[in-house]
Amino acid sequence: MGKLKTLALSATLVMSTAVGAIAQEVVKVAEPNWASGRAMAGLIKVVIEDKLGGKAELVPGTNAVIFKAMDRGKGEIDVHPDVWLPNQSNFTDEYVDQNKTVSLSGGSYEGFSAFCAPKEFAAKNNIKTVFDLATPEVAKLMDRDGDGMGDIWVGAPGWASTKINSVKVRDYGITNFFKPVEAEEEVATASISDALNKGEGYAFYCYAPHYNWFVFDMVRLEEPAYDPAKYDMKQPAEDPKWFENSKVTTGDKPKTIHVGYSNSLNDRTPSVAKFLANIDMDTDTVNNFTHEIVVKKRSSEEVAREWIAANADRVDGWLGLK
């Protein structure tokens, strides 16, 4: 009996050690290079650590890198906090629908993407639609570097929306007079601020949720209503000649924004997977998060902890505690 008890105790210790190792596994949460992605990444990290007692780490990455890592399921990157659809549908088609290695949260929040200009400048020069940009007179007013072409920021490198906007400005006729600019969001924001301070013109990609709506007096330029028959967009992963073979002459479909996560979490950290399946945010909350993080220079984790303390019932719902 003594030997049996010793064996049983040893088995229990081994099992406890294994469970502890699983519980302490670090969940790698991607931190994309846009404001709402940073906000959601911080929120997810704090919930995992403060509410589930786990460990989480923020990891920078582009969409392609994040989805591929989630597909591998080896813990390199486990969570994409801000999956914009249909922008990133080429990734979800492959990894969610075909490979079935990635899942999306049941909940989502809404967003939109468009082109904007300084409100006062647009009113002064009668710029109301994207087509109003496609003239040499307006381009001259929006030539910020003196090269004879107007400047329009289409997004940051690595964004799916940047590819879409590059096609759009071509098919709207804007690139006859404007040079598309790809730059990190911080660089573009500085240019927007400079243009507004000087009363100058600038055209730029804009989206919501985003802190810019709190900071800048800007106006969304009208586009044709979304029409799937006029929206044929290829991404580089689908077609090496994506730019030549795409044609977009209509505004975007309203966005739904989910959390994506590797299905390997279902076995590695089931409580985290359950939480990510249930998380459900709203546009106003994420908008406020981005404002606090970027404009007020607060950390995403500090903002998340403050919000969680004021919304405990909502978070408990995500965790299945109510």
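Please refer to the structure higher up on the page.
A. Quick peek at the overall build of the protein chain. Helix and strand content of the protein chain: 15 helices and twelve strands. Across the 322 residues that make up the protein chain, the buried fraction comes to 49%. Nonlocal contacts in the protein chain, meaning residues at least 24 apart in sequence, comprise 76% of its contacts between residues at least 6 apart. Of the roughly 14,900 Å² of accessible surface on the protein chain, a fraction of 54% belongs to carbon and sulfur atoms.

B. The arrangement of the layout of surface pockets in detail. If you add up the space inside the largest pocket, you get close to 200 Å³. Every residue lining the largest pocket is counted, 13 residues in all, and those nearest its centre are P86, N87, S89, Y231 and M233. Ranked by the residues each element gives to the lining of the largest pocket, the list is headed by helix α4 (residues 89–98), at three residues. In terms of residue class, the lining of the largest pocket is built from five nonpolar, four polar and four charged.

C. The arrangement of the side chain of E223 in detail. In this fold, E223 is placed in the loop between β9 (218–220) and β10 (231–232). By relative accessible area, which is 19% here, E223 ends up buried. Among the polar contacts made by the side chain of E223, one reaches the side chain of Y172 at a distance of 2.7 Å. In this view, E223 contacts S113, A114, F115, V130, K168, Y172, T250 and G251; residues no more than four positions away in its chain are not counted.

D. Structural detail: the packing of aromatic side chains. Inspection of every chain in the model, using the stated rule, returns 17 aromatic pairs. Measuring from centroid to centroid gives 6.0 Å for W159 and Y207, while their planes differ by 85°, and the two rings are edge-to-face. Of the two residues, W159 sits in the loop between β6 (150–155) and α7 (160–171) while Y207 sits in strand β8 (residues 203–208), which places them 48 residues apart along the sequence. Of the two residues, W159 and Y207, neither departs from the other in class, the shared state being buried. Its guanidinium or amino end placed over the ring of Y202, R144 lies 5.5 Å from that ring's centre, counting from NZ or CZ. Of note, R170 hangs over the ring of F243, and the distance from its end group to the ring centre comes to 4.4 Å.

E. Representation of empty space enclosed by the protein within the structure. The full count for this structure, using the stated rule, is three cavities of 30 Å³ or more. Taken as a whole, the largest cavity spans an internal volume of roughly 120 Å³. Lining the largest cavity we find W34, N63, W84, N87, Q88, W159, A160, S161, Y205 and Y207. Looking at the lining of the largest cavity, the elements that each hand over two or more residues are α7 and β8. Looking at the lining of the largest cavity residue by residue, the class counts come to six nonpolar, four polar and no charged. In terms of lining, the second largest cavity is formed by 13 residues, of which the most central are W153, Y205, C206, H210 and N212. Going through the elements one at a time, α8 (185–198), β8 and α9 (212–215) are the ones with two or more residues in the lining of the second largest cavity.

F. Focus on helix α2 (residues 35–51). Here α2 is 17 residues long and its end C-alpha atoms lie 24 Å apart, about the 24 Å a rise of 1.5 Å per residue gives. Within α2, 13 of the 17 residues are buried, leaving the element largely enclosed by the surrounding structure.

G. Summary view of the pairing of strand β1 (residues 26–31). Note that β1 and strand β2 (residues 55–60) share six bridges and pair parallel. When the bridges of β2 are listed, V29 appears paired with L58. Handedness of the crossover joining β1 and β2 through α2 is recorded here as right-handed.

H. Broad picture of a nonpolar patch on the surface. A contiguous nonpolar surface patch, about 220 Å² in accessible area, is contributed by F214, V215 and V295. Taking the relative accessible area as the measure of exposure, F214 reaches 40% and is therefore partly exposed.

I. Focus on unusual backbone geometry. Following L85, the chain continues to P86 via a peptide bond in cis, the omega torsion being 10°. Checked against the element boundaries, P86 lands in the loop between β3 (79–85) and α4. Look at the link from A208 to P209: it is a cis peptide, with omega at 10°. Here P209 shows up in the loop between β8 and α9. Of note, K100 is a non-glycine position whose phi angle comes to about 55°, a positive value. Take K100: it is sitting in the loop between α4 and β4 (102–104). Looking at K100, the relative accessible area reads 60%, which means it is exposed. The backbone of N126 shows a phi angle near 55°, a positive value even though the residue is not glycine. Its location among the elements puts N126 in the loop between α5 (119–124) and α6 (136–141).

Rules behind the numbers
- Residues numbered from 1 in each chain as written.
- Predicted model: local features only at pLDDT ≥ 70, side-chain atom pairs only at ≥ 80, totals over all residues.
- Heavy atoms only, no water.
- Helix = DSSP H or I, 4+ residues; strand = E, 2+ residues; numbered from the N terminus.
- Buried < 20%, exposed > 50% of the residue type's maximum accessible area, 1.4 Å probe, protein only.
- Contact = heavy atoms within 4.5 Å.
- Areas by Shrake-Rupley, 256 points an atom, 1.4 Å probe, with all protein chains shown as cover.
- 1 Å grid on protein atoms, 1.4 Å probe; cavity = no way out; pocket = protein on both sides within 12 Å on 5 of 7 lines; lining within 4 Å.
- Points joined across faces, edges and corners; volume = space filled by probe spheres on them.
- Nonpolar A, V, L, I, M, F, W, Y, C, P; charged D, E, K, R; others polar.
- Polar contact = N/O pair within 3.5 Å; in protein donor to acceptor, adjacent residues only side chain to side chain.
- Phe/Tyr/Trp six-rings, centres within 6.5 Å; stacked < 30°, edge-to-face > 60°.
- Lys NZ or Arg CZ within 6 Å of the ring centre and 35° of its normal.
- Expected span 1.5 Å × (residues − 1).
- Pairing = 2+ DSSP bridges.
- Right-handed = clockwise from strand over helix to strand, strands pointing away.
- Patch = residues over 30% accessible without salt bridge, like charges linked within 9 Å, V, L, I, M, F, W, Y side chains within 5 Å.
- Salt bridge = Lys/Arg side-chain N within 4 Å of Asp/Glu carboxyl O.

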